[in-house]
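# Fold and contact review
Next come the chains, spelled out residue by residue.
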Protein chains: 2
Amino acid sequence: MSRWKPNALERLREAAIELFEERGYEGTTVADISSRAGLTERTFFRYFSDKREVLFSGSEELGAVFAGAMASAPKTLAPLEVVAAAFEAASPLFEPRRASALRVRAIVAAHPELRERELMKTTMLAKTIASGLQARGAPETTAALLALTGLAVFQTALERWISDAAKRDLAYHVRDALLALRRELARVGDRSVRRPSVRRTPTL
Amino acid sequence: MSRWKPNALERLREAAIELFEERGYEGTTVADISSRAGLTERTFFRYFSDKREVLFSGSEELGAVFAGAMASAPKTLAPLEVVAAAFEAASPLFEPRRASALRVRAIVAAHPELRERELMKTTMLAKTIASGLQARGAPETTAALLALTGLAVFQTALERWISDAAKRDLAYHVRDALLALRRELARVGDRSVRRPSVRRTPTL
């Protein structure tokens, strides 16, 4: 077994997905994954801290792309446009994984411990986005509100991207979901601002 | 120790919060909590499946209140108004816990296993809301988008409610956060709808 192989990370990830599908997640060891990828366990642990992590590779990179895009967005952009810009910047990272995305989702959905890990990753991304908004001047709770709302848009966009027969990119679906949300919020009444309407009876 | 005591659930919860603060979460056993509350371990396990659950009591009731409010909301209401109605219906459940909310939050924040449990509870609430919207005719991914957005509003409202010196109720903060979000979304441009602007050069 050679000590250096190109694309070790992607090969480990692909091997893990195959094995989880063939033998189940519990029935697969780190040794199995490494061996299927033609690599050593030591190499596995150079990339991933444990078996769960192999399905979430790229999430640190994703956070870094979000942070970078937010920091470099034009100063005049509205906060949710800054969040959208971050998601759009990350869109190309997802394209090579379109084919495996459905498979990974099925594996994660079937295992509570993987769902928990995914939730923790999502929470970390929310923190990254909230920090980026605070760095641009948003108050703390507003930043958290917009970060969580942004993630709702992002998760919806991911769902639609995964199952999009027309294979439009993630950036398209981000914008589409954001506009759908804008339409829905435009239908919310501003009850707290308006005074209760006084019913006018015609003067007799 | 008498076999029946009123408000067993609240007493167990209060005893747990006290002990977690005094001895730490890890240093406290179910036996300690039961004993402090003047109850047996058997009684504890009648209310909670494990030590973690004692901090999240009421989340099933919360889900039931959400579902009930959504099912009975007027048919003409916009989807996010239906979600807001669910949160507003739950507002009175929170009022008795205003004083302990900050203490619970501090304990949860300090323990990853409690944060994970909290995330799972939040995800379950999102599913409840999404189901309620689908039952009213919303397509699946739209329902998920609005449920997650609603939870972003709810979490923000909770944060502001906990630290509100004026002690306005949760329903007030839900409406306030929803309107803040509406304002932010109104600032998002409809780029995907507009054609790219053509720069007009004066005819020479």
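Residues numbered from 1 in each chain as written. Chains lettered and ligands numbered in written order. Predicted model: local features only at pLDDT ≥ 70, side-chain atom pairs only at ≥ 80, totals over all residues. Heavy atoms only, no water.

Copies of the same chain, two in number, are related to each other by a rotation about an axis and a translation along it. With an RMSD of 0.0 Å, the operation that places chain A on chain B is a rotation of 180° combined with a shift of 0.0 Å along the axis. Those values place the two copies in the arrangement expected of a two-fold rotation axis. When C-alpha positions in chain A are compared against the rotation axis, the closest is assigned to threonine 149 of chain A, at 2.5 Å. Most of the interface of chain A is mirrored in chain B, where 100% of its interface residues are also at the interface. (Least-squares fit on C-alpha atoms with pLDDT ≥ 70 in both. Contact = heavy atoms within 4.5 Å.)

Looking now at the pattern of salt bridges. In total, this model carries 34 salt bridges over all chains according to the counting rule given. The closest approach of N and O atoms between arginine 103 of chain A and glutamate 14 of chain A, which form a salt bridge, is 3.5 Å. You can see arginine 103 of chain A sitting in helix 6 (residues 98-109) and its partner glutamate 14 of chain A sitting in helix 1 (residues 8-23), a full 89 residues away along the chain. Of the charged contacts in the structure, one is a salt bridge between lysine 121 of chain B and glutamate 60 of chain B, with a shortest N-O distance of 3.8 Å. On the criterion of sequence distance, the pair formed by lysine 121 of chain B in helix 7 (residues 112-135) and glutamate 60 of chain B in helix 4 (residues 59-72) is long-range, its members being 61 residues apart. A residue is classified by how much of its surface remains accessible, and lysine 121 of chain B, at 10% relative accessible area, is buried. (Salt bridge = Lys/Arg side-chain N within 4 Å of Asp/Glu carboxyl O. Helix = DSSP H or I, 4+ residues; strand = E, 2+ residues; numbered from the N terminus. Buried < 20%, exposed > 50% of the residue type's maximum accessible area, 1.4 Å probe, protein only.)

Residues and elements named next belong to chain A. Residues of chain A with pLDDT of at least 70 account for 90%, and the chain-wide mean is 89. Element-level pLDDT for chain A is lowest in helix 7 (residues 112-135), with a mean of 91, against a maximum mean of 97 in helix 2 (residues 30-36). Across residues 193-204, confidence stays below pLDDT 50; counting only partners more than four residues off in sequence or on other chains, it has 1 contact. What the predictor reports for the complex is a pTM of 0.83 with an ipTM of 0.81. (pLDDT = per-residue confidence, 0-100.)

Time to look at the interface of chain A and chain B. Residue-level contacts link 38 residues of chain A with 38 residues of chain B. Carbon and sulfur atoms supply 65% of the area that chain A and chain B bury against each other, a total of about 3,800 Å² over both sides. It is Leu145, Arg182 and Leu185 of chain A in chain A that bury the most area against chain B; as a group they hold 17% of the surface buried on that side. Where chain A packs against chain B, one counts 10 residue pairs in polar contact (both at pLDDT 80 or more). Those elements that provide at least two residues to the side of chain A that touches chain B are helix 5 (79-94), helix 7, helix 8 (140-162) and helix 9 (170-186) of chain A. Ranked by residues supplied to the side of chain A that touches chain B, first place goes to helix 8 of chain A with 12 residues. A per-class count over the side of chain A that touches chain B returns 18 nonpolar, 8 polar and 12 charged. (Buried area = accessible area lost by both parts, 1.4 Å probe. Polar contact = N/O pair within 3.5 Å; in protein donor to acceptor, adjacent residues only side chain to side chain. Nonpolar A, V, L, I, M, F, W, Y, C, P; charged D, E, K, R; others polar.)

This part is about the packing of aromatic side chains. This structure, assessed with the given rule, holds 18 aromatic pairs over all chains. Relative to phenylalanine 154 of chain B, the ring of phenylalanine 94 of chain B has its centre 5.7 Å away and its plane inclined at 75°; by these criteria the two rings are edge-to-face. Separated by 60 residues along the polypeptide, phenylalanine 94 of chain B in helix 5 (residues 79-94) and phenylalanine 154 of chain B in helix 8 (residues 140-162) bring together distant segments of the chain. As far as the burial class goes, phenylalanine 94 of chain B and phenylalanine 154 of chain B line up, both buried. Joined through ring pairs, the aromatic side chains of Phe66, Phe87, Phe94, Phe154 and Trp161 of chain A make up one cluster. Just above the ring of tyrosine 25 of chain A sits the side chain of lysine 51 of chain A; from NZ or CZ to the centre is 4.2 Å. (Phe/Tyr/Trp six-rings, centres within 6.5 Å; stacked < 30°, edge-to-face > 60°. Lys NZ or Arg CZ within 6 Å of the ring centre and 35° of its normal.)

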